[in-house]
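# Inside the fold
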Amino acid sequence: RMSTESKPKLWYFNDRGRPEVIRLVAAEAEIEYEDAPLGEYDPKPGAAQTQEFREFMASGKATYKQLPVWEESSGFTLAQTFAIVRHLARKSKLYGNTVEEQSTVDEILESINDFFTPLVDSVIKALNAKDEEKKTLSAEAKKSADKWFGLWEKKLSQNNKGQGYFVGDSITIADICIFNTIEFAHELFHKESYPLLSAHYSRVEARPLISKWTSSKKRYPQEFFF
């Protein structure tokens, strides 16, 4: 086992946020790391954030002045959530077995970004919004969710009739990222409307290493949603 000093560090605020998918992938890949929390996130526009956050930003490790950041004992640092996810997948066997499978994984991750990025922005806006604006944001999020869940249901059906995973015959980061997306947007996901996705979610959730993480006391609580 690695010592604490040699474990990679995952820099982020004290919540699930964007890097929760990194934690899920690390769990399935059995990659040890150390959470490096930078205090509570302040959602108010223009908020200065914590002293720890400001010091980390000044360190130069956050290439794009964003979190999360993955830092390895060699000094290697990596920003951007899905870049980190892909990095961990390459270290394990979670990226598909052929170039075509890997490209399909990339396609699915890009589609998640198309859905997830504006959704997260809407959730942050809702934290500071009045009731009427919250309703509008929620309605827009639901419309977007219905679109993307429908597309992913169809995509899943094209591989082994939707009875296994999104790519090939074994789990990849595409499956874990979809699982994370549905978990985050659980209030927008109606199981009866997407039977294949719902069964897929349960399959991923039941995997021993994923289950161990999702039931862990180390896990941050589910965030506020609409």
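Quick caveat: nothing in here was measured; it's all calculated off a predicted structure.

We now examine helix H7 (residues 195-206). The terminal C-alpha atoms of H7 lie 17 Å apart, and with 12 residues this matches the ideal 16 Å at 1.5 Å per residue to within 8%. Turning to H7, the residues buried within the fold contact helix H5 (131-157), helix H6 (173-184) and helix H8 (208-214).

It is worth spelling out the nonpolar core at this point. Val85, Phe149, Trp152, Phe166, Ile173 and Leu197 are the most contacted members of the largest nonpolar core, which has 54 residues in total. Elements supplying a minimum of two residues to this core: helix H1 (20-29), helix H3 (81-91), helix H4 (99-127), H5, H6, H7 and H8. Here this core takes 9 residues from H4, the largest share from any one element. Excluding anything up to four places from it in sequence, Phe166 contacts Ile108, Trp152, Lys155, Leu156, Asn159, Ala174, Asp175, Ile178, Leu197 and His200. In terms of nonpolar packing, the next biggest core, distinct from the first, is built from 11 residues, Leu38, Phe56, Ala62 and Val69 among them.

With that settled, the discussion passes to the side chain of Glu101. Of note, Glu101 is situated in helix H4. Here Glu101 sits buried without a salt bridge, and the closest side chain of opposite charge, Lys155, lies 12 Å off (N-O distance). Looking at Glu101, its side chain comes within polar contact range of the main-chain nitrogen of Asn97, at 2.7 Å. Leave out the neighbours within four places in its chain, and Glu101 touches Tyr95, Gly96, Val167 and Gly168.

Below, the discussion takes up the environment of Glu187. Considering the arrangement of structural elements, one finds Glu187 in the loop between H6 and H7. Assessed through its relative accessible area of 44%, Glu187 is described here as partly exposed. Counting along the chain gives 110 residues from Glu187 to Thr77, while the straight-line C-alpha distance between them is 34 Å.

For the bond running from Leu67 to Pro68, omega is 5 degrees, close enough to zero to count as cis. Mapped onto the elements, Pro68 comes out in the loop between helix H2 (51-58) and strand S3 (69-71). A positive phi angle is found at Glu30, which is not glycine, with a value near 55 degrees. Looking at the element boundaries, Glu30 is found in the loop between H1 and strand S2 (34-37). The backbone of Gln49 sits at a positive phi, close to 65 degrees, despite the residue not being glycine. The residue Gln49 is located in the loop between S2 and H2 in this model. Residue class for Gln49 comes out buried when judged on its relative accessible area of 16%.

Here is what the cut-offs are and how they apply
- Residues numbered from 1 in each chain as written.
- Predicted model: local features only at pLDDT ≥ 70, side-chain atom pairs only at ≥ 80, totals over all residues.
- Heavy atoms only, no water.
- Helix = DSSP H or I, 4+ residues; strand = E, 2+ residues; numbered from the N terminus.
- Expected span 1.5 Å × (residues − 1).
- Contact = heavy atoms within 4.5 Å.
- Core = buried A, V, L, I, M, F, W, Y, C linked by side-chain atoms within 4.5 Å.
- Buried < 20%, exposed > 50% of the residue type's maximum accessible area, 1.4 Å probe, protein only.
- Lys, Arg positive; Asp, Glu negative; His and termini not counted.
- Salt bridge = Lys/Arg side-chain N within 4 Å of Asp/Glu carboxyl O.
- Polar contact = N/O pair within 3.5 Å; in protein donor to acceptor, adjacent residues only side chain to side chain.

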